Amino acid sequence: MSVIEGFGDWLLDLDPGFYLVLWTGVVILLLVCLVLGFRTLARARIIAHTPTARLRSAAQGFNEIEGTGRAIDDHPLYSPLTFTPCLWFEMKIERLESSGKNRNWVTVERRRSDALFRVDDGSGEAFVDPDHARVIPHSSRRWRERASNHDWSGGSALGFGGKPYRYTERLLLPERPLYVLGWLETRGHRNDGSSAHAAIEQRRRELLQEWKHDDEALSRFDLDGDGEISMREWEWAMRLARAQAKREVGEAERERATGSNTVHLLHRPENGDPFIISGVSQETLIRRKTFKAGAFVAAGLILFVLALVALDIRTPF
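Only a predicted model underlies this, so the values are computations on that prediction, with no experimental measurement involved.

Cut-offs applied
- Residues numbered from 1 in each chain as written.
- Predicted model: local features only at pLDDT ≥ 70, side-chain atom pairs only at ≥ 80, totals over all residues.
- Heavy atoms only, no water.
- Buried < 20%, exposed > 50% of the residue type's maximum accessible area, 1.4 Å probe, protein only.
- Helix = DSSP H or I, 4+ residues; strand = E, 2+ residues; numbered from the N terminus.
- Pairing = 2+ DSSP bridges.
- Core = buried A, V, L, I, M, F, W, Y, C linked by side-chain atoms within 4.5 Å.
- Expected span 1.5 Å × (residues − 1).
- Lys, Arg positive; Asp, Glu negative; His and termini not counted.
- Salt bridge = Lys/Arg side-chain N within 4 Å of Asp/Glu carboxyl O.
- Polar contact = N/O pair within 3.5 Å; in protein donor to acceptor, adjacent residues only side chain to side chain.
- Contact = heavy atoms within 4.5 Å.
- Phe/Tyr/Trp six-rings, centres within 6.5 Å; stacked < 30°, edge-to-face > 60°.
- Lys NZ or Arg CZ within 6 Å of the ring centre and 35° of its normal.
- pLDDT = per-residue confidence, 0-100.
- Axes fitted to C-alpha atoms, helices over the stretch in contact; angles between N-to-C directions.

**Remarks on the pairing of strand β4 (residues 88-99)**
In step 1: A large share of β4 lies buried, amounting to nine of its twelve residues.
In step 2: When β4 meets strand β10 (residues 164-172), the two strands line up antiparallel, connected through eight bridges. Bridge pairing links E94 to R166 in β10.
In step 3: Pairing geometry for β4 and strand β5 (residues 102-112), over ten bridges, is antiparallel. Paired with E90 across the strands is R112, a residue of β5.

In structure tokens:
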């Protein structure tokens, strides 16, 4: 008997109600696999196609920064489990519980740091707010120990009696390469809340007003020397004023961006774009996500074939 024939006989022997639930579950699962696969592939494409910016010249908005992770004022956090100096930690403590023949791990405590840290790309520094970020750590460990009198969590009563505990620790470490994909906001960049375009237009109008009352300036635009400024000559003056205003505003922005009152902050985008903080390189991230997307899509296609074969053998409706 072939595998297909055995599979068909098994399907035909199933209760009709159970078969309908099973077939529907397979269809739902394949749709979930395909959605996750294409979404993961889309994230990989975002990482691959977002150009790496330099903090000195990065525009406000969605940015990709690569640099070195550093603690604020060189005072790192310490992991509650191993007291390792770090920029960020996530820890979990689980206890093995038994009830008859059933054994399962119950979470006793779970904690994730939300303290800010810095990323330095050589041209400048930015603070990173890890809240709601997808973090890929530099270090990830899991180990087991028997209960002891030591409270690893620094405040929670874990209980005693020799029960096995499982500890999980994920860390971002200082002075290690760091990749951040998120929303860059420069605070102190423009304290009056106006846009660069508005500042350029305002400066352009100011320059035109100055030139109107400056005979020497007006003579520069009198191209035909007739003592009058024609419409064509005035249009040229407006273009020149805009170019000069753009240059002046740009210089002022660069000076402001390098000022001591300017703070760059990377945080979660509010428009739903991904927010990733990674201890592995961009290339490794893309490779991992592409492989993961392929696995999801392959699983979805296998389930699709199974659903078609089952439908051919026996209709669930």
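Let's pick the thread back up.
**Details of the nonpolar core**
In step 1: In this structure, F117, L172, L266 and I277 are the most contacted members of the largest nonpolar core, which totals 20 residues.
In step 2: For this core, the elements supplying multiple residues, two or more each, are β6 (117-120), β7 (125-128) and β11 (177-187).

**Concerning helix α6 (residues 282-313)**
In step 1: With 32 residues, α6 should reach 46 Å at 1.5 Å per residue; the first-to-last C-alpha distance of 47 Å fits that figure.
In step 2: What α6 keeps buried is the set Q282, T284, L285, K289, A293, G300, L303, A307 and A310.

**As for the side chain of D121**
In step 1: Residue placement: D121 occurs in the loop between β6 and β7.
In step 2: Buried charge without a partner: D121 forms no salt bridge, and the closest opposite charge is R54, 4.2 Å away.
In step 3: There is a polar contact of 2.8 Å between the side chain of D121 and the backbone nitrogen of L55.
In step 4: One polar contact links the side chain of D121 to the main-chain amide nitrogen of G124, over a distance of 3.1 Å.
In step 5: Excluding residues that lie within four positions of it along the chain, D121 makes contacts with A53, R54, L55, I65, E66 and G67.

**What about the pattern of salt bridges?**
In step 1: In the structure shown here, the tally under the stated rule is 13 salt bridges.
In step 2: R70 is the salt-bridge partner of D120, the closest N and O atoms lying 2.7 Å from each other. In this pair, D120 sits in strand β6 while R70 sits in strand β1 (residues 61-70), placing the two residues 50 residues apart along the sequence.
In step 3: On the accessibility criterion, R70 (22% relative accessible area) is partly exposed.
In step 4: One network of salt bridges, in which partners are shared, links R70, D120 and E175.

**Topic: the packing of aromatic side chains**
In step 1: Considering all chains together, one arrives at two aromatic pairs under this definition.
In step 2: Centroid distance W143 to Y167: 5.6 Å. Interplanar angle 20°. Geometry classified as stacked. Residue W143 is located in strand β9 (residues 139-146), and its partner Y167 is located in strand β10; the two are separated by 24 residues in the primary sequence. Neither residue differs from the other here; W143 and Y167 are each classed as buried.
In step 3: Grouping aromatic residues by their ring pairs yields a cluster made of W143, Y165 and Y167.
In step 4: Its end group placed over the ring of W143, R141 keeps NZ or CZ at 4.3 Å from the ring centre.

**Observations concerning the confidence of the model for the protein**
In step 1: Per-residue pLDDT for the protein has a mean of 82; in total, 84% of the residues score no lower than 70.
In step 2: Per-residue pLDDT stays below 50 along residues 149-160; that stretch engages in 25 contacts with residues further than four places along the chain or on separate chains.

**Comments concerning the sheet that holds β10**
In step 1: Strand order in this open sheet of four strands is β5-β4-β10-β9, and the pairing throughout is antiparallel. The strands lining the two open edges of the sheet, one partner per strand, are β5 and β9. Shown here is a sheet whose adjacent strand axes are inclined to one another by a mean of 20°, direction ignored.

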